[in-house]
Amino acid sequence: MSNTTIVPFGPQHPVLPEPIHLDLELDDERVVRALPSIGYVHRGLELLAERYDFVEMANVAERICGICSFIHGQGYCQGIEQLMGVEIPPRAAYLRTVWAEISRIQSHVLWLGLAADALGYESLFQHSWRIREMMVDIIEETTGGRVIFGVCKVGGIRKDVDDETLRDVRRRIGEIRAAFDEIATIFRDDPTVRQRTVGVGLLSAADAHALGAVGPVLRASGVVHDTRRLGYAAYGELDWEPIVEQDGDCYARCLVRVREVDQSFDLITQCLDRMPAGEVEISVKGKRPKGEAMFRLEQPRGEVCYYISADGKKNLDRFRVRTPTFANIAPLIHMLKGCELADVPVIVLTIDPCVSCNER
Amino acid sequence: MSLGEPFNELTPDQWVPTAEQHQRDGFRLVQMTGTARADHFEILISYEQDYRCTHYRVQLPRDPLPELPSLSAIFPAAFTYENELKDLFGLSFPGLTVDYGGNFLRTKTKLPFSGEVTIKKESAKPAAKSKSAPES
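Note that this is a predicted model, so its numbers are computed, not measured. (Residues numbered from 1 in each chain as written. Chains lettered and ligands numbered in written order. Predicted model: local features only at pLDDT ≥ 70, side-chain atom pairs only at ≥ 80, totals over all residues.)

Colleague: Can you break down the overall build of chain A residue by residue, with the values?
Modeller: Looking only at helices and strands, one finds 14 helices and eight strands in chain A. In summary, chain A has a C-alpha radius of gyration of 20 Å against a globular reference of 21 Å for 360 residues, a match within 12%. On the principal axes, the C-alpha backbone points of chain A span a range of 70 × 45 × 30 Å. Scored against the burial criterion, the 360 residues of chain A give a buried share of 54%. Look at the contacts in chain A between residues 6 or more apart in sequence, and 69% of them connect residues 24 or more apart. (Helix = DSSP H or I, 4+ residues; strand = E, 2+ residues; numbered from the N terminus. Rg over C-alpha atoms; globule rule 2.2 N^0.38 Å. Buried ≥ 20, exposed ≤ 12 C-beta atoms within 10 Å, placed from the backbone. Contact = placed C-beta atoms within 7 Å.)

Have a look at this one:
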């Protein structure tokens, strides 16, 4: 007879802003195994691509998620543009890169705030979100939106940003970076943060590779893999290397995100310094996507894949999104096995689960 | 970024040997997905090495009950994708190492993608008028 106990974790839980459920099988306080279930808020957005005009579908793609909204729109537009053989103007590619990196910063800083809250640091949570708010202000001033950017379109971007605004963004990025450095020190060096995260939720490089981990989860296990190395948008022209940590624990995943925020500040600065002049969109009038392809981008949470199949009509034949959170479920189940019940929230949080993406 | 990455057709009996070969060569399983067609299901799988993907597609007739050997013993990452395909399309994966028995995706409708759900039923809605919208 089994002496294990089943403890439900979620779908509503203080560390989970969105619903995901885990049945935790416990032997005393130790997790024997975790059974995930998802689908609570599945919206069927992929199906809409088969019914909506491919130009308008860019707006739907951006609404897959409220945190990485811009990058979903970017990935969709980039996929359609490649299927149509359209090359967007360099200025549009650079502005897309700037917005993508701003998205990465606000996503990572949002996560750092949630992590601080889960660790019991209320004030650190508030400082993190104060800094995130500064990034969201830049999003609002350059795009007009705070959650949904609405600037990405098939053929480029909808709205140019004038050089004076870009200079102001560059100045403010320097100030925000200095403010971030203050809280980054706490995430790096504070003994309580280290005590709750070092050696917790271990994932080796071999397991990360075999279980299909992506993004900071993969890189924190010592695997050098960042889809931005494909060189899409302006990434091929910028100087940067993937951020990698070796220990594969919750602390390493936290460090990767802290370092990636710093790297994103640097990438934005590089883009602003090299910003090309010229048009920001190219007409796609009369063109239709035809063929099939898989496109990959690096979201804040990791590699996202878009499969697009089109037969030259106004609507797509099939649109499929494999989100990073889905890819990180298998590694999460592996990490939870053998951990203490008290560590479960921290481990779950360190994959930065985005249920909204997952339930597209 | 994927144009130039091949999509190869496989027969169901090539499904496992192809996975074994890619596992031996150090590839990573990137994704598995399905598409419901009128008389068959298409299963698409992607492997990646050095930032380059190779895609394979297999067609499974709807009748008899579609099944495909599980790749979860070769690529542990496959079990979540196979559970998803099982819950959305009703596919069966003999040899699935971690089988959630239909409780992975708790959708209101059972097997929502198994019927005609993913098949186009209507023409596209017109795009809002703008300079760059394609001609109707």
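Colleague: With reference to specific residues and values, describe the UniProt feature "domain: NADH:ubiquinone oxidoreductase 30kDa subunit" (unreviewed entry) in chain B.
Modeller: The UniProt feature table records "domain: NADH:ubiquinone oxidoreductase 30kDa subunit" (unreviewed entry) at residues 11–95 of chain B. For residues 11–95 of chain B, the helix share is 26%, the strand share is 34%, and the end-to-end C-alpha distance is 18 Å. (UniProt positions renumbered as here; feature names shortened; annotations may be inferred.)

Colleague: Outline the interface of chain A and chain B, listing residues and values.
Modeller: Each partner contributes residues to the interface: chain A has 46 residues there, and chain B has 39 residues. Those elements that provide at least two residues to the side of chain A that touches chain B are strand S3 (30–37), helix H8 (205–210), strand S6 (290–299), strand S7 (302–311), strand S8 (318–322) and helix H12 (329–336) of chain A. A per-element tally of the side of chain A that touches chain B places S6 of chain A first, with five residues. Looking at the side of chain A that touches chain B residue by residue, the class counts come to 20 nonpolar, ten polar and 16 charged. (Nonpolar A, V, L, I, M, F, W, Y, C, P; charged D, E, K, R; others polar.)

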